[in-house]
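Fold and contact review
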Amino acid sequence: MKKRFKVKLKEHVGGGIIKIVVDTETGVNYLITSGLGVSGMTPLLDKDGKVVID
């Protein structure tokens with residue numbers, strides 16, 4: 001079974017973790033934060049405000 005999401009980048013920052021994951025079906029990159037007081041997931045945007053797609 002193919003996994004839907006793959007981790008592209010993972011960094012430990014100030015007691016938390018920031019990850020960039022890619023949806024293998026759509027190519028959309030997501031920014032995920034956890035352990036920084038707030039956890040969340042949002043599409044990753046480029047400098048022009050467009051969704052980053054691999």
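About the thresholds
- Residues numbered from 1 in each chain as written.
- Predicted model: local features only at pLDDT ≥ 70, side-chain atom pairs only at ≥ 80, totals over all residues.
- Heavy atoms only, no water.
- Helix = DSSP H or I, 4+ residues; strand = E, 2+ residues; numbered from the N terminus.
- Contact = heavy atoms within 4.5 Å.
- Phe/Tyr/Trp six-rings, centres within 6.5 Å; stacked < 30°, edge-to-face > 60°.
- Buried < 20%, exposed > 50% of the residue type's maximum accessible area, 1.4 Å probe, protein only.
- Patch = residues over 30% accessible without salt bridge, like charges linked within 9 Å, V, L, I, M, F, W, Y side chains within 5 Å.
- Areas by Shrake-Rupley, 256 points an atom, 1.4 Å probe, with all protein chains shown as cover.
- Salt bridge = Lys/Arg side-chain N within 4 Å of Asp/Glu carboxyl O.

This paragraph deals with the environment of Gly-40. Along the chain, Gly-40 falls in strand β4 (residues 40-43). Along the primary structure Gly-40 and Ile-18 are separated by 22 residues, whereas in three dimensions their C-alpha atoms are 9.9 Å apart. When residues no more than four places from it in sequence are discounted, the contact partners of Gly-40 are Leu-31, Ile-32 and Thr-33.

Turning to the packing of aromatic side chains, a few remarks are in order. All told, the structure shown has 1 aromatic pair when counted by the stated rule. Here Phe-5 and Tyr-30 contribute two aromatic rings whose centre-to-centre distance is 6.3 Å and whose plane-to-plane angle is 70°, an arrangement assigned as edge-to-face. Here Phe-5, found in strand β1 (residues 5-13), pairs with Tyr-30, found in strand β3 (residues 29-34); they are 25 residues apart in sequence, far enough to count as distant. The exposure class of Phe-5 is partly exposed, given its relative accessible area of 40%.

Nonpolar side chains collect at one region of the surface, where Leu-45, Val-51 and Ile-53 lie side by side and expose about 270 Å² of accessible area between them. Secondary-structure assignment places Ile-53 in the segment after β4.

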